Every structure is written in C-alpha cells, then in structure tokens.
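# Tertiary structure, described
Next come the chains, spelled out residue by residue.
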Amino acid sequence: MDHPRPPTSESRHAHDLIIARPEGLYCPPGDFYIDPWRPVDRAVITHAHSDHARFGHAHYLCAEPGRGVLLARLPGIQLDTLPYGERITHHGVTLSLHPAGHVLGSAQVRLEFGGQVWVASGDYKLESDGTCDPFEPVPCDTFITESTFGLPIYRWPPQAALMAEVFHWWQANAQAGRASIVYAYTFGKAQRILHGLLRHAGDDGLPGPVIAHGALTTLNAAYAEAGVALPPIMLATELPPRSPLLRQALVVAPPSAQRSPWLRRFGDASDAFASGWMQLRCTRRRRGVDRGFALSDHADWPGLLKAIEATGAGRVIVTHGNVPVMVRYLSERGWQAQAFDTEYGDDESARADEQAKPAAASEDAAP
Ligand SMILES: [Zn+2]
Ligand SMILES: [Zn+2]
C-alpha cells in the first residue's frame, strides 16, 4: 500500500462506526450489533458458524443466501435478509452486505455514515470454491478483519489440488477395500468437500458411495436447496451391515464422531481430518488420523494481506486468531492497526464442532 493514512485523532475515534462492547461489535449511530456474543436487540450476522451466530437476539439480519443455513442452526429466530449489494438505511447508517467467500451466505458488512465507510468482514476466504458467492473486495476507510491463520507459515495449496488429493486417497482406499472417513466441520467444510469431489470426478464418476453422518443432513439439504451441486448422499443405515459398498465409501463425519461406536460398521478404515490446521504435522499427529488435508474456509497469510490491501483502508482492526502478529505486521508497514477483544473462536478445530448444535452426535448413539 502506497499512502497509509496518518494516525487518526481522538476526535475521529469518537466517531467510530464500530466499537467493541461487552455484548459484541456495536455501531453507535445505527444502534445495532454485528455477530454479538451476548443477547441484544438487533444483530447483523455475517455467517452461521456458531461463534458468530448465537441464539438470544430479538432481531436478526443476514444475507439472503444465508437464510437456509442460519435457520437450520437457529430455528425460530426472527430473521430479515438482504440480497448481496442491496443498501438499506437504519438511523442514517447505510448498510449493505457483500460476499465473504467463507461459507454459504457469508457476508461482509459495509457501513457508511458521516462520510466514512467501514467494512466488518466476519470470516473470509479469497479462493472461490463453488459452494458460495466468491469474496468481493469492498473499498473502505476502516477494515475489520479476522486473522485465524494470520501467520506467514499458512499458505494453502490451490483447492483443485487438495480435492485431487482427497479424491485419489479415496480411490486408493476403495481399491484396497477400505472405507475412507474424513472428519470435517459440519457446516461449510463438509459440503465443500462433497461439492469439490463431485467436480473433480467429472464424467468419470466417484470411486464409491458417499455416506454422511446424520449430523450433516440438515445442512446438506440447505446447501442443495441453495443450488449447490452435491453427490447423492446416503446414511450409513441405508446399507446392510456387511455390504461391500461400506468398504468403498467416502464417509463424511463431524470431528465429534471420531472414536465413536458409529464408526464400527466401516471396519478397518482409513481416516483423515480436513482443516487448515492440518498444514502443521504436529496437529495431524495430535488428531491421530492417517491423513490431513489442509483445506480451510479462511484466508491464508497471503490471502489476508491481499484482502486488506484490496480494501484501500488506512485503518485495520483485527478481531480473532493471530491478533498481535497481524497488528504488529500491519503497524510496521504503515497501517493504523489495532485489535478488538472478541469472543469469536476457531471454526476449524474439533472443539468448535462439538460446541455446534443441533446435537452433532445424535447418530453416535445408534448401534
Ligand atoms: Zn466462520
Ligand atoms: Zn470466525
């Protein structure tokens, strides 16, 4: 970036469009919150991951393509939706939502008021994956970014290469008469793998049947309803216990299903974990799986920097992940950078999935 702005004065801070409050990120002139973690009256939701979208708010607003998945996770909420790019005005603040490329319906929140433009990005990823609208850079004065993988060591292989890797692992297992079990976060990651494998297979077809754990059913349906192409998906119970097809299957399951009795039917299977953390050999070992696929729904280090630069913002506020590293890196290069203390977590870890409802382990109890 060529012309970083000089540090802002105290008076400008007094007019910040988004501030951190105990309830969440708050827009004072608009009197609403973005992804609040405590119950509030008005909540704008960037995406339906459980640390960003919680029960308890009186009114919700999200991007139109996110309606199905948000209602699947938070049934019964009072929800309004807004098509990407459409502007509304609330207490004089102009608000619009723009694709974040993270999961289905994920949005960056653009706010304009008093001659300033702020963008709160939620979680985002730059590479398009076919399961949601691709990330759109939105010019702004102040950009609020995540930094989940904000360390220079995180650099993702192209997604086509990763899908080819998963596909060939499955193919080799199927030929050897071994099921392939891949643990993936139930919302976003699982559907992305299913869509990516279908795309990779093309006319040649898949090496075997696709079996999804029951915890994925509602979200798979929401993706299919939104027009995302998924392969035919079976429940494990649809095949007889000794069916040879079980040994050729790709099984997608939440991380919480690891070591559960539900897995017994697949016999001596090969297993893998799909997450950005798999780029580190130590995490792979700790998970105790045969393979790790470094498939992330978040921007890697070059992606974060590219996204930040593309906004043209002079001021950047970092919300979660490797916050001090990113703040220091940006400050040293002329940005006015700071952190917000938030309660957003890590939606690529196993723990995040276990916290996710509804009852990820519902099928685990089945014999
Ligand atoms: Zn997320
Ligand atoms: Zn997040």
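Since this is a predicted model, take the numbers as computed values, not measurements. (Residues numbered from 1 in each chain as written. Chains lettered and ligands numbered in written order. Predicted model: local features only at pLDDT ≥ 70, side-chain atom pairs only at ≥ 80, totals over all residues.)

A word on the sheet that holds strand E6 (residues 79-82). Spatial ordering of the open sheet is given by E1-E2-E3-E4-E5-E6, a layout of six strands whose pairing is mixed. In the strand order of this sheet, the two ends are held by strand E1 (19-21) and E6, each with one partner. The sheet shows a mean angle of 35° between the axes of neighbouring strands, direction not considered. With three bridges connecting them, strand E4 (residues 42-44) and strand E5 (residues 59-63) associate as parallel partners. (Pairing = 2+ DSSP bridges. Helix = DSSP H or I, 4+ residues; strand = E, 2+ residues; numbered from the N terminus. Axes fitted to C-alpha atoms, helices over the stretch in contact; angles between N-to-C directions.)

One open sheet holds the six strands; their spatial order is E14-E13-E15-E12-E16-E17, and the pairing between them is parallel. Two strands lie at the open edges of the sheet, namely strand E14 (233-234) and strand E17 (291-293), each paired on one side alone.

Domains assigned within the protein chain are domain 1 (9-154 + 298-345) and domain 2 (159-293). For domain 1 and domain 2, the distance between their C-alpha centroids amounts to 31 Å. The interface of domain 1 with domain 2 comprises 15 residues on the first partner and 17 residues on the second. Looking at side-chain class alone, the side of domain 1 that touches domain 2 contains eight nonpolar, five polar and two charged residues. (Domains from an automatic or database assignment. Contact = placed C-beta atoms within 7 Å. Nonpolar A, V, L, I, M, F, W, Y, C, P; charged D, E, K, R; others polar.)

Within the largest apolar cluster, 101 residues are counted, with the highest numbers of intra-cluster contacts made by Val 182 and Val 252. Top element by residues in this core is helix H3 (residues 159-175). It accounts for six residues. Each of domain 1 (9-154 + 298-345) and domain 2 (159-293) contributes no fewer than three residues to this core. Residues in contact with Val 182, not counting those within four places in the same chain, are Val 166, Ile 193, Leu 250, Val 252, Ala 272 and Ala 274. (Core = buried A, V, L, I, M, F, W, Y, C linked by C-beta atoms within 7 Å. Buried ≥ 20, exposed ≤ 12 C-beta atoms within 10 Å, placed from the backbone.)

Assignment of secondary structure puts Trp 170 in helix H3. Look at Trp 170 and you get buried, because 26 C-beta atoms sit within 10 Å. Separated by 100 residues in the primary sequence, Trp 170 and Ser 270 place their C-alpha atoms 8.8 Å from one another. Beyond its immediate sequence surroundings of up to four residues, Trp 170 is in contact with Ser 180, Pro 207 and Leu 250.

Next up on the list: the pairing of strand E12 (residues 180-183). Every second residue of E12 is oriented toward a common face, with Ser 180 and Val 182 on one face and Ile 181 and Tyr 183 on the other, all of them buried. Examined bridge by bridge, E12 and strand E15 (residues 250-253) share four bridges and lie parallel to one another. Pairing of Ile 181 across the sheet is with Val 251, part of E15. In terms of strand pairing, E12 meets strand E16 (residues 270-274) through four bridges, oriented parallel. Across the sheet, the residue bridging to Ser 180 is Ser 270, located in E16.

Note: most peptide bonds trans; most residues except glycine with negative phi. In this structure, Asp 31 is a non-glycine residue whose phi angle is positive, near 55°. Structurally, Asp 31 is set in the loop between strand E2 (24-27) and strand E3 (32-34).

Before going further, it helps to spend a moment on the packing of H3 against helix H4 (residues 189-201). Closest axis-to-axis distance for the H3/H4 pair is 9 Å, and the angle between their directions is 85°. Classified by the angle between their axes, H3 and H4 sit roughly perpendicular to one another. Here Gln 159, Met 163, Ala 164, Val 166 and Phe 167 of H3 lie close against H4, whose contacting residues are Ile 193, Gly 196, Leu 197, His 200 and Ala 201. Taken together, the residues that form the contact of H3 with H4 break down as seven nonpolar, three polar and no charged. (Parallel < 35°, antiparallel > 145°, perpendicular 65-115°, else oblique.)

As a further point, take the pairing of strand E8 (residues 93-99). In terms of burial, E8 is largely enclosed, as five of its seven residues are buried. Pairing of strand E7 (residues 88-90) with E8, which is carried by three bridges, proceeds in the antiparallel orientation. Note that in E8 the partner of His 90 across the bridge is Val 93. Taking the residues that link successive antiparallel strands as the turn, the E7-E8 hairpin has two residues, and the phi of His 91 there is positive, at about 50°. As defined by bridge partners, E8 adjoins strand E9 (residues 107-113) across six bridges and the pair is classed as antiparallel.

This part takes up the environment of Arg 42. Within the secondary structure, Arg 42 sits in strand E4. For Arg 42 and Ala 176, which are 134 residues apart along the polypeptide, the C-alpha to C-alpha distance reads 54 Å. Contact partners of Arg 42, with chain neighbours within four places excluded, come to Asp 31, Phe 32, Tyr 33 and His 59.

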